[in-house]
Amino acid sequence: GINLSLGATGSSKTLDAAISYAVERNVLIVAAAGNLGTDRKFYPAALDNVLAVSATDANDQRWALSNMGDYVDLAAPGHAV
């Protein structure tokens, strides 16, 4: 698998192509949902076939700066844990 802790609010043709290449070869892509505290899509996490992960805090609640939205697949401990 590939873990990506990078991204932006806009997509990149180069990154899209690299992810498509990996997915076609059955590689799991996991990407950070972003730390902007918004529901605006964050790429590459918002791409199809990418597992998007947001962050929770020490109380198992969404960390205030972690992005949210329908593209987020799961949340995991990520702040003050």
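Residues numbered from 1 in each chain as written. Predicted model: local features only at pLDDT ≥ 70, side-chain atom pairs only at ≥ 80, totals over all residues. Heavy atoms only, no water.

Caption draft 1: Molecular detail of the sheet that holds strand β2 (residues 29-32). Reading across the sheet, the four strands line up as β1-β2-β3-β4 and stay open at both edges, with parallel pairing between neighbours. A single partner strand is all that each edge strand has here, and the edge strands are β1 (2-4) and β4 (74-77). Taking each pair of neighbouring strands and ignoring which way they run, the sheet shows an average axis angle of 30 degrees. As judged from the four bridges shared by β2 and strand β3 (residues 50-56), these two strands associate in the parallel manner. Within β3, the position partnered with alanine 32 by the bridge is valine 53. Most of the contacts of helix α1 (residues 13-24) go to β2, to which it runs at about 145 degrees, and overall it touches β1, β2 and β3. (Pairing = 2+ DSSP bridges. Helix = DSSP H or I, 4+ residues; strand = E, 2+ residues; numbered from the N terminus. Axes fitted to C-alpha atoms, helices over the stretch in contact; angles between N-to-C directions. Contact = heavy atoms within 4.5 Å.)

Caption draft 2: How the structure looks around the nonpolar core. Formed by 13 residues in total, the largest nonpolar core has its most connected members in Leu4, Ile19, Ile29, Ala31, Ala45, Val50 and Tyr71. When residues of this core are traced back to their parent elements, those giving at least two are α1, β2 and β3. Sequence-distant contacts of alanine 45, defined by excluding residues within four places in its chain, comprise Ala31, Ala32, Ala33, Val50, Ala52 and Tyr71. (Core = buried A, V, L, I, M, F, W, Y, C linked by side-chain atoms within 4.5 Å. Buried < 20%, exposed > 50% of the residue type's maximum accessible area, 1.4 Å probe, protein only.)

Caption draft 3: Broad picture of the pairing of β2. Burial along β2 is one-sided: the face carrying Ile29 and Ala31 is buried and the face carrying Val30 and Ala32 is not. The sheet contact formed by β1 and β2 spans three bridges and is parallel. Within the sheet, the bridge partner assigned to asparagine 3 lies in β2 and is valine 30. Read from β1 through α1 to β2, the crossover connection turns out right-handed. (Right-handed = clockwise from strand over helix to strand, strands pointing away.)

Caption draft 4: View of the side chain of serine 54. Along the polypeptide, serine 54 turns up in strand β3. Those residues in contact with serine 54 that sit more than four places away from it in its chain are Ala33, Ser66, Asn67, Val72, Leu74, Ala75 and Ala76.

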